[in-house]
There are 2 protein chains.
Amino acid sequence: MNHDAILDAIAFDGQGLVPAIAQQHDTGEVLMLAWMNRAAVAETLSKGRVCYFSRSRNRLWRKGESSGQAQRLVELRVDCDGDALLLLVDQQGVACHTGRRDCFFRAARDGALEEIAGPLVAPEALYGHD
Amino acid sequence: MNHDAILDAIAFDGQGLVPAIAQQHDTGEVLMLAWMNRAAVAETLSKGRVCYFSRSRNRLWRKGESSGQAQRLVELRVDCDGDALLLLVDQQGVACHTGRRDCFFRAARDGALEEIAGPLVAPEALYGHD
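Residues numbered from 1 in each chain as written. Chains lettered and ligands numbered in written order. Predicted model: local features only at pLDDT ≥ 70, side-chain atom pairs only at ≥ 80, totals over all residues. Heavy atoms only, no water.

Draft legend 1. Highlighting the relation of the copies chain A and chain B. After a rotation of 180 degrees and a shift along the axis of 0.0 Å, chain A superposes on chain B with an RMSD of 0.0 Å. Accordingly, the operation relating the two chain copies is best matched by a two-fold axis. For chain A, the minimum C-alpha distance to the rotation axis belongs to G28 of chain A and amounts to 2.6 Å. In this assembly, 100% of the residues forming the interface of chain A have copies in chain B that are likewise at the interface, indicating an isologous arrangement. (Least-squares fit on C-alpha atoms with pLDDT ≥ 70 in both. Contact = heavy atoms within 4.5 Å.)

So, in structure tokens, the structure goes:
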């Protein structure tokens, strides 16, 4: 399927990127925020598996390629200005590289950040192989 | 209350900004994505009313200052890398400047973007006054 009409509606920034929020489709949990370029969005729409653009590695990053914790795309939504995406996904296992279900596990309370969720998997178990 | 410990944990980008996701605290709806600078985060934590940084107007933007559709902060969370925020909020009325409840009202379906939610309020009603 041709996705040009969707891709053309996205306002990629000066670096060719757009922020993408991943939300678990059924529970509503906000799992993470990452970045996509045009190729990442195109691949995600074509394959149904979420692919981001890693700014640190400067390349496409198929979520779960190292950790096995992939995201299946349920629906991609574009915001009013076209400069943010919301990905409804089905997250396999944990979204965060720390082994936590989501990346937003630190809450501002009483002037400090408090950890409100612990790892479900040890990071070494996620990244220890190959 | 002093919020320096929280502010120092946030990795603002080269423009001094960090993306912030606003999520309705009780329903889990992802309402919008906007940007904050250090002053916006500090004010939001101090006052309990969400303040963003408007990139187009290049100034602090107290959500609802024109539209009346303010966001009360329930909890601010920081992600694993410190470069994204999740704001649990109580949204008064609608979050989107188009009069829709949230900004993500366009879904990718069959190669095109389909509107999946309509305005609850006319934009003129939101911005018509002063």
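Draft legend 2. Main features of the sheet that holds strand 1 (residues 18-24) of chain B. The mixed open sheet is built from six strands, whose spatial order is 8(A)-7(A)-5(B)-6(B)-1(B)-2(B). Every other strand in the sheet has two partners, leaving strand 8 (112-115) of chain A together with strand 2 (30-36) of chain B as the edge strands with one partner each. Strand-to-strand, the axes of this sheet are offset by a mean angle of 35 degrees, without reference to chain direction. Bridge count for strand 1 of chain B against strand 6 (residues 85-91) of chain B is five bridges, and the pairing is parallel. Bridge pairing in strand 6 of chain B links Q23 of chain B to L88 of chain B. (Pairing = 2+ DSSP bridges. Helix = DSSP H or I, 4+ residues; strand = E, 2+ residues; numbered from the N terminus. Axes fitted to C-alpha atoms, helices over the stretch in contact; angles between N-to-C directions.)

Draft legend 3. A look at the pattern of salt bridges. Applying the stated criterion across every chain yields a total of 24 salt bridges over all chains. R72 of chain B serves as the salt-bridge partner of D90 of chain B, at 3.8 Å between the closest nitrogen and oxygen. Of the two residues, D90 of chain B sits in strand 6 while R72 of chain B sits in strand 5 (residues 71-78), which places them 18 residues apart along the sequence. The exposure class of R72 of chain B is partly exposed, given its relative accessible area of 45%. Measuring nitrogen to oxygen at the nearest pair gives 2.8 Å for the salt bridge that ties E115 of chain B to R100 of chain B. Here R100 of chain B lies in the loop between strand 6 and strand 7 (106-109) and E115 of chain B lies in strand 8 (residues 112-115), a separation of 15 residues in the sequence. Salt bridges sharing partners connect three or more residues here, namely E75 and R77 of chain A together with R109 and E114 of chain B. (Salt bridge = Lys/Arg side-chain N within 4 Å of Asp/Glu carboxyl O. Buried < 20%, exposed > 50% of the residue type's maximum accessible area, 1.4 Å probe, protein only.)

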